[in-house]
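So you can see what is in the structure, the chains are spelled out below.
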Amino acid sequence: ITKLIVQGLLMLLEDTVTVRCRKADGSVVKACLPKAQAQYAALIKAETGAAKQVALVLDTTFLPEAPAAGKAGPSCLGG
């Protein structure tokens with residue numbers, strides 16, 4: 001998850017980014033945020049020489065839960 005967040009940060013190059021996930025994944029994603037911030041800053045420094053920090057915020061609006069078997073509706077899998 002950390003590498004996925006860093007990949008997104010490299011595409012956005014923003015100072016503040018809100019990360020949205022499923023409610024069930026919130027604690028896992030929150031635990032990854034400090035490491036993602038550090039990896040992002042280190043990668044930007046190594047590649048460009050610039051000191052760039054990013055503030056990551058875990059969104060309080062969550063993605064839909066995973067779909068239940070045999071049940072239609074929105075889900076985090078694109079439904």
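A quick note: this is a predicted structure, and the numbers were derived from the prediction, not measured.

Peer 1: Describe the pairing of strand β2 (residues 55-58), naming the residues involved and giving the relevant values.
Peer 2: Where strand β1 (residues 16-19) and β2 come together, four bridges link them in parallel fashion. Note that in β2 the partner of V19 across the bridge is L58. You can see the chain leave β1, run along helix α2 (residues 26-48) and come back into β2, and the turn it takes is right-handed.

Peer 1: Tell me about the environment of V17, and please be specific about residues and values.
Peer 2: With respect to the secondary-structure elements, V17 resides in strand β1. Taking the C-alpha atoms as reference points, V17 and K3, separated by 14 residues in sequence, lie 15 Å from one another. Not counting the four nearest positions on each side in its chain, V17 is found in contact with L9, L12, V54, A55, L56 and V57.

Peer 1: Break down the pattern of salt bridges for me, with residues and values.
Peer 2: Pairs can form between side chains of opposite charge once their charged atoms are near each other. For the structure on display, the rule yields three salt bridges. We note a salt bridge from K52 to D15, for which the minimum N-O separation is 2.9 Å. With K52 in the loop between α2 and β2 and D15 in the loop between α1 (2-12) and β1, the pair connects residues that are 37 residues apart, well separated along the chain. D25 is the partner of R22 in a salt bridge, and the nearest nitrogen-oxygen pair spans 2.9 Å.

Peer 1: Describe the side chain of T2, with residues and values.
Peer 2: The residue T2 is located in helix α1 in this model. Residue T2 is classed as buried on the basis of its relative accessible area of 13%. Residues in contact with T2, not counting those within four places in the same chain, are C32, K35, A36 and Q39.

Peer 1: Kindly report on α2, identifying the contributing residues and their values.
Peer 2: For α2, with 23 residues, the first-to-last C-alpha span of 32 Å sits near the 33 Å given by 1.5 Å per residue. Among the residues making up α2, those that are buried are G26, V29, C32, L33, A36, Y40, A41 and I44. Buried positions along α2 lie against α1, β1 and β2. Trailing α2 by a residue or two, G49 shows a phi angle of about 85°, which is positive.

Reading guide: rules and limits
The numbering scheme is per chain: residues are counted from 1 as the chain's sequence reads. Where totals are concerned, whole chains, interfaces and linings use all residues; where local detail is concerned, this predicted model gives features only for residues with pLDDT of at least 70, and gives and counts side-chain atom pairs only at 80 or more. Only hydrogens and water are removed before side-chain values are computed, so all heavy atoms of the structure are retained for them. Strands pair, by our definition, only if DSSP identifies at least two bridges between them. Numbering of helices and strands starts at the N terminus; helices are DSSP runs of H or I of at least 4 residues and strands are runs of E of at least 2. For a crossover, the right-handed case is the one in which the path from the first strand over the helix to the second runs clockwise, viewed with the strands pointing away from the viewer. The contact rule is simple, with two residues in contact once any of their heavy atoms fall within 4.5 Å. By convention in these notes, a salt bridge is any Lys or Arg side-chain nitrogen within 4 Å of a carboxyl oxygen on Asp or Glu. We call a residue buried when its accessible area falls under 20% of the maximum for its residue type, exposed when it is over 50%, and partly exposed in between, using a 1.4 Å probe and counting protein chains only. Take the number of residues in a helix, subtract one, and multiply by 1.5 Å to get its expected span.

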